[in-house]
Amino acid sequence: MSINVIHPGLATAVQDLGRKGYFHLGIPVSGAMDRFACRCANWLVGNDENAAVLEAVFMGPKLTFTQDTTVAVTGADMTPLVDGVEQDTWSSFEIKAGQTLTFSHLTGGARIYIAAAGGIDVPEVLGSRSTYTLGALGGHQGRLLQAGDELPVGKDAAAFAPRHLPEALRRPRETALRVVPGLYWHRITQTSGEQFFNDTWQVAPEADRIGYRFKNGTPLEFVEREQPFGAGSDPSNIVDGCYPYGSIQVPAGKEPIVLHRDAVSGGGYFMIGTVIAVDMDLIGQMQPNASTQFVKVTLEEALAARKAHDTLLEAARQHIQQCGAA
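All of the points below concern the structure found in this document.

## A word on the overall build of the chain
And then number 1: Along the backbone of the chain there are four helices and 20 strands.
And then number 2: On the principal axes, the C-alpha backbone points of the chain span a range of 65 × 40 × 35 Å.
And then number 3: Every one of the 326 residues in the chain was classed for burial, and the buried ones make up 51%.
And then number 4: Partitioning the intrachain contacts of the chain with sequence separation of at least 6 by distance along the chain shows that 74% fall at a separation of at least 24.
And then number 5: Summed over all atoms, the accessible surface of the chain reaches about 14500 Å², with 53% contributed by carbon and sulfur.
And then number 6: Here the chain contributes 26 positive and 35 negative side-chain charges, whose respective centroids are spaced 2 Å apart.

## A few points about the pattern of salt bridges
And then number 1: Throughout the structure, instances matching the rule amount to twelve salt bridges.
And then number 2: Between Glu94 and Lys96 there is a salt bridge, with the nearest N and O atoms lying 3.9 Å from each other.
And then number 3: Judged by its relative accessible area of 38%, Glu94 is partly exposed.
And then number 4: You can call Lys96 partly exposed: its relative accessible area is 40%.
And then number 5: Where Arg213 meets Glu255, a salt bridge forms, and the shortest distance between an N and an O atom there is 3.4 Å. With Arg213 in strand β14 (residues 211-215) and Glu255 in the loop between β16 (247-249) and β17 (257-259), this pair connects stretches of sequence that are 42 residues apart.
And then number 6: For Glu255, a relative accessible area of 29% corresponds to the partly exposed category.
And then number 7: Look at the salt bridges and you will find they share partners, linking Glu55, Arg209 and Asp262 into a network.

## Considering the nonpolar core
And then number 1: Counting residues in each nonpolar core, the largest one holds 45 residues, and the members touching the most others are Phe214, Ile248 and Phe294.
And then number 2: Excluding its chain neighbours within four sequence positions, the residues that come into contact with Phe294 are Leu177, Val179, Phe196, Phe197, Trp201, Phe214, Ile248 and Val258.
And then number 3: Listed in part, the 25 residues of the second largest apolar core include Val71, Leu101, Phe103 and Ile120.

## Comments concerning the sheet that holds strand β11 (residues 150-152)
And then number 1: Within the open sheet, the six strands sit side by side as β7-β6-β9-β4-β1-β11. Their pairing is antiparallel. Every other strand in the sheet has two partners, leaving β7 (85-86) and β11 as the edge strands with one partner each.
And then number 2: Strand direction decides the pairing type here: strand β1 (residues 2-7) and strand β4 (residues 62-65), joined by four bridges, are antiparallel. When the bridges of β4 are listed, Asn4 appears paired with Thr64.

## Examining helix α2 (residues 190-198)
And then number 1: Residues Ser192, Gly193, Phe196 and Phe197 constitute the buried set of α2. One side of α2 carries all its buried residues, which in axial view fall inside an arc of 135 degrees. The exposed residues of α2 that point more than 90 degrees off its buried face are Gln190, Thr191 and Asn198.
And then number 2: At its buried positions, α2 is contacted by β12 (176-181), β13 (201-207), β16, β19 (271-275) and β20 (291-296).

## Observations concerning the packing of aromatic side chains
And then number 1: Evaluated as defined, the whole model comprises seven aromatic pairs.
And then number 2: A centroid spacing of 5.2 Å and a plane angle of 75 degrees characterise the contact between Phe196 and Phe197, whose relative ring orientation is edge-to-face.
And then number 3: Taken together through their ring pairs, the aromatic side chains of Trp185, Phe196, Phe197, Trp201, Phe214 and Phe294 make up a single cluster.
And then number 4: Here the basic side chain of Arg261 rests over the ring of Tyr245, its NZ or CZ set 4.9 Å away from the ring centre.

So, how was this worked out
- Residues numbered from 1 in each chain as written.
- Predicted model: local features only at pLDDT ≥ 70, side-chain atom pairs only at ≥ 80, totals over all residues.
- Heavy atoms only, no water.
- Helix = DSSP H or I, 4+ residues; strand = E, 2+ residues; numbered from the N terminus.
- Buried < 20%, exposed > 50% of the residue type's maximum accessible area, 1.4 Å probe, protein only.
- Contact = heavy atoms within 4.5 Å.
- Areas by Shrake-Rupley, 256 points an atom, 1.4 Å probe, with all protein chains shown as cover.
- Lys, Arg positive; Asp, Glu negative; His and termini not counted.
- Charge placed at Lys NZ, Arg CZ, Asp CG, Glu CD.
- Salt bridge = Lys/Arg side-chain N within 4 Å of Asp/Glu carboxyl O.
- Core = buried A, V, L, I, M, F, W, Y, C linked by side-chain atoms within 4.5 Å.
- Pairing = 2+ DSSP bridges.
- Arc of directions from axis to C-beta.
- Phe/Tyr/Trp six-rings, centres within 6.5 Å; stacked < 30°, edge-to-face > 60°.
- Lys NZ or Arg CZ within 6 Å of the ring centre and 35° of its normal.

So, in structure tokens, the structure goes:
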């Protein structure tokens, strides 16, 4: 079976949960920007949670299918249509051979996840099928989809099963982003640090898989010092350091950038802190000009948030699987 791409949408690519174990070599994790939605899309069609899906940004693709299959769409608010007939999101639905899947206009969020039973069967590269476009790595030929592409789908012998995830078991689109202050927090004044968390920030147009830039907050005030050998002249420069996933760098102290799935693993900007892992999905669904605040949390609070997130994720998995068994 295969999926034929009639129109690719704006920026559609093959993704899974990411490429682990190579960050120290400068190869980013890549994978879905909203991992909760990606997992749920796979569960809704009976796949393993790490099966490859399509991630589409702001505008959905136009696809046709060569065989009957089960499909699910999760993430942003963008209604799927099969031959023009609306289907529910966060639900499994059938597509017959020769039918066409299209999408309505986006009304909320930023990214949808399209799962087909069997998963997108592109080759694994370094243990993942996710696309890293800057490195032309993984996915379908290491790039975004184009009209005329033909995507192989893995074999799936299971019959269609109606599955649905109610809104109460989906991750809410909260606006605040929780942050653990970083090793370089001492580089800014106490007043400036407090203001960083008091300000309301807006997502800048420069927001993509590499990083989300935020604007319209108060510039940071740095503690004066003599720049060490090997650092740049700007007070936001450091001798090169490692960038963890979710770290927040602030070039020239003006506009924070949260590094996301395709970000580099190190560089010469100081990091004010790190957005906790469970809130990175929220960033992946933010549109330009969306407002947010950064909220200071402790490591213990971050771990508690992870536990709560894992509990919700497990409840979603169990509900979907029970639907399929009914």
